[in-house]
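Close look at the chain arrangement
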Amino acid sequence: MKIAILGYGTVGSGVGEILTTHRNTLSVPLELVAILERKEQLHRHPLMCDNIESILCDPEIEAVVETMGGIEPAHTYILRALKAGKHVVSANKAVIARYAQEFHNCAKEHGVSFLYEASCGGGIPWLHQLHSVKRIDEIDEIEGIFNGTSNYILDHMTKESQTFQHVLRKAQELGYAEADPSADIDGMDILNKLRISIMLAFDTAVAETIPVFGIRNIQKADLLYPETADYVLKLLAVAKRSGNHYDAVVEPTLCPLSSPQSAVRDHYNLTCLHGTTIGKLCLLGQGAGKFATAHAIVQDLTDIVLGTAYDSPSFAQSLTYDGTILRSAYIIRTTLGKSQLQSILGKHLHHCDTFAAYTYAHTDVLYKAKMHQLMKEIVNADAQAFLMALAQMEE
Ligand code: NDP
Ligand code: HSE
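Below you will find a few notes about this structure. (Residues numbered from 1 in each chain as written. Chains lettered and ligands numbered in written order. Predicted model: local features only at pLDDT ≥ 70, side-chain atom pairs only at ≥ 80, totals over all residues. Heavy atoms only, no water.)

A few words on the environment of His 87. Within the secondary structure, His 87 is located in strand 5 (residues 87-90). The exposure class of His 87 is buried, given its relative accessible area of 18%. Separated by 217 residues in the primary sequence, His 87 and Ile 304 place their C-alpha atoms 7.9 Å from one another. Ignoring anything within four residues of it in the chain, the contact list for His 87 reads Met 1, Glu 62, Ala 63, Val 64, Val 112, Ser 113 and Ile 304. (Helix = DSSP H or I, 4+ residues; strand = E, 2+ residues; numbered from the N terminus. Buried < 20%, exposed > 50% of the residue type's maximum accessible area, 1.4 Å probe, protein only. Contact = heavy atoms within 4.5 Å.)

What follows deals with the site of ligand 2. Taken together, the residues surrounding ligand 2 are Lys 93, Asn 147, Gly 148, Thr 149, Tyr 176, Ala 177, Glu 178, Asp 184, Asp 189, Lys 193, Gly 287 and Ala 288. Contacts to ligand 2 include Lys 93, whose side-chain N or O atom sits 2.4 Å from an oxygen atom. Between ligand 2 and Asn 147 there is a distance of 3.3 Å, counted from an oxygen atom to a side-chain nitrogen or oxygen. Within the complex, the protein chains bury 93% of what would otherwise be the 250 Å² of accessible surface of ligand 2. Those elements that place two or more of their residues in the shell around ligand 2 are helix 6 (148-159) and helix 9 (188-202). Looking at side-chain class alone, the shell around ligand 2 contains three nonpolar, four polar and five charged residues. (Near = heavy atom within 4 Å. Polar contact = N/O pair within 3.5 Å; in protein donor to acceptor, adjacent residues only side chain to side chain. Areas by Shrake-Rupley, 256 points an atom, 1.4 Å probe, with all protein chains shown as cover. Nonpolar A, V, L, I, M, F, W, Y, C, P; charged D, E, K, R; others polar.)

As a further point, take the layout of surface pockets. The computed volume of the largest pocket comes to approximately 1100 Å³. Lining of the largest pocket is provided by 47 residues; of these, Thr 67, Met 68, Gly 69, Gly 70 and Glu 178 occupy positions nearest its centre. If you tally residues by element for the lining of the largest pocket, the top one is helix 9, at four residues. (1 Å grid on protein atoms, 1.4 Å probe; cavity = no way out; pocket = protein on both sides within 12 Å on 5 of 7 lines; lining within 4 Å. Points joined across faces, edges and corners; volume = space filled by probe spheres on them.)

Moving on, we get to the site of ligand 1. Residues in close proximity to ligand 1 total 20 residues, the closest being Val 11, Glu 37, Arg 38, Glu 178 and Gly 289. In this structure, an oxygen atom belonging to ligand 1 sits 2.8 Å away from a side-chain N or O atom of Arg 38. At 3.1 Å, a side-chain N or O of Lys 93 approaches an oxygen atom of ligand 1. In isolation ligand 1 offers 890 Å² of accessible surface; the protein chains occlude 79% of this area. More than half of the atoms belonging to ligand 1 lie within 2 Å of the grid points that define the largest pocket. Here the shell around ligand 1 is built from residues that sort into seven nonpolar, nine polar and four charged. (Sits in = over half its atoms within 2 Å of the grid points.)

Now for the pairing of strand 4 (residues 63-66). Residues of strand 4 alternate between two faces, with Ala 63 and Val 65 on one and Val 64 and Glu 66 on the opposite face, all of them buried. When strand 1 (residues 2-6) meets strand 4, the two strands line up parallel, connected through four bridges. Within strand 4, the position partnered with Ile 5 by the bridge is Val 65. Sheet topology places strand 4 next to strand 5; four bridges connect them, and they run parallel. Bridge pairing in strand 5 places Ala 63 opposite His 87. (Pairing = 2+ DSSP bridges.)

Turning our eyes to something else, we now look at the pattern of salt bridges. Under the defined criterion, the tally for this structure stands at twelve salt bridges. Across the pair Arg 80 and Glu 53 runs a salt bridge, and its minimum N-O distance is 2.8 Å. On the criterion of sequence distance, the pair formed by Arg 80 in helix 3 (residues 74-83) and Glu 53 in helix 2 (residues 52-56) is long-range, its members being 27 residues apart. A relative accessible area of 33% means that Arg 80 is categorised as partly exposed. You can call Glu 53 partly exposed: its relative accessible area is 32%. (Salt bridge = Lys/Arg side-chain N within 4 Å of Asp/Glu carboxyl O.)

Moving on, we get to the sheet that holds strand 5. Here six strands make up an open sheet; going across it, the order is 3-2-1-4-5-6 and the pairing parallel. Of all strands in the sheet, those bounded by a partner on one side alone are strand 3 (48-49) and strand 6 (114-115). Each of strand 1, strand 2 (31-36), strand 4, strand 5 and strand 6 touches helix 3; the most contacted strand, strand 5, lies at about 150° to it. (Axes fitted to C-alpha atoms, helices over the stretch in contact; angles between N-to-C directions.)

Okay, the pairing of strand 5 next. Neither face of strand 5 is exposed, since His 87 and Val 89 on one face and Val 88 and Ser 90 on the opposite face are all buried. You can see the chain leave strand 4, run along helix 3 and come back into strand 5, and the turn it takes is right-handed. Of the pairings in the sheet, the one linking strand 5 to strand 6 comprises two bridges and is parallel in character. Bridging across to strand 6, Val 88 finds its partner in Phe 114. What joins strand 5 to strand 6 is helix 4 (residues 93-109), and the crossover it makes is right-handed. (Right-handed = clockwise from strand over helix to strand, strands pointing away.)

Nothing here speaks to function; it is geometry throughout.
This is the structure we're talking about:
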């Protein structure tokens, strides 16, 4: 199959290298014939051009890999490639989370595949796993660590005496972060992945209203104090189905040291589902990075050639969002009083059975404490009180 790659950055060049230098180990013939890049980049590779028309109008090109990122022109190019009868494989969760239904309809109409394994969990075959489990089970919960950059930041801030900004720069140098890393830090990248995962797991279109809290305001103390009480702070995404409703949230969460989430290091992700007969199933792997992500793309291309590509989601369920299904205890570091805190939390309080607030710094940050006991009262005190509250919750 002849392939064009749109965007030859971290992931695109990883695909290019697998298709060329690792050609001998591929199980099906995949040939890179064109690369779209910007004019000033054309010297980097003999196959590069800056004219999308030459790719879309070339009848020999059967598949297009979109690794440019962003919404436009990615949205337009994907649609045009599908309409030209070309299979499309994309890693671009931002555009997929927004336009998946349109892409799937278009692919179906033109008898081609639209696949995007690399968009969620990097090299983890997470979307394949959702499809595979769904052949037998109903999936009622998905949960996990879905962002390599933010996990790398939290892990390295905890283990080493490095600042947030320093660790973020390292994650950018390693090719894990988005072009605008605020998507990683503020949880929007995870939200996109969660929306794609909900769509596939629950076969439904996804509402816009999922609450998202990131790690922008996390300080070293926020990581160290929970650690002394045997908890590790992780940025988790969770979605749960109940009847015709579902709830979902992205938020920093205290995970017990004994949990699998707490052991996830560096840029690794842990993606979990719960199905009727399989029960809980978790996959651990590199959630970001050049070759792991490129591997997922080449897997999709291989499935297209072998005719083993999975079906589009049916969108047969019309589940509605219900923000009261997921409930937890929360711990909030704040300098604010209870009433100010309540007005800030406002619409998110439906997720919250009770919450505790403590003060030792000047930025407000929200944790979801995954503990079964509920906090009974507001603790607006110092870090010592926070530790005591944690200890009481464990009793
Ligand atoms: P990069 O920024 O490294 O690469 C994107 C490349 O596409 C750049 O060279 C960019 O050029 C080029 N490009 C963008 N727009 C155009 C355009 N209109 N015409 C021609 N070239 C264009 O990003 P990544 O490789 O990291 O990510 C690509 C996609 O894969 C994103 O959607 C990302 O979310 C996703 N992804 C990334 C992962 C990772 O680990 N990095 C993992 C999983 C998914 P320029 O720099 O000049 O804009
Ligand atoms: N920026 C993303 C991350 C890339 O760090 O997880 C992988 O989707």
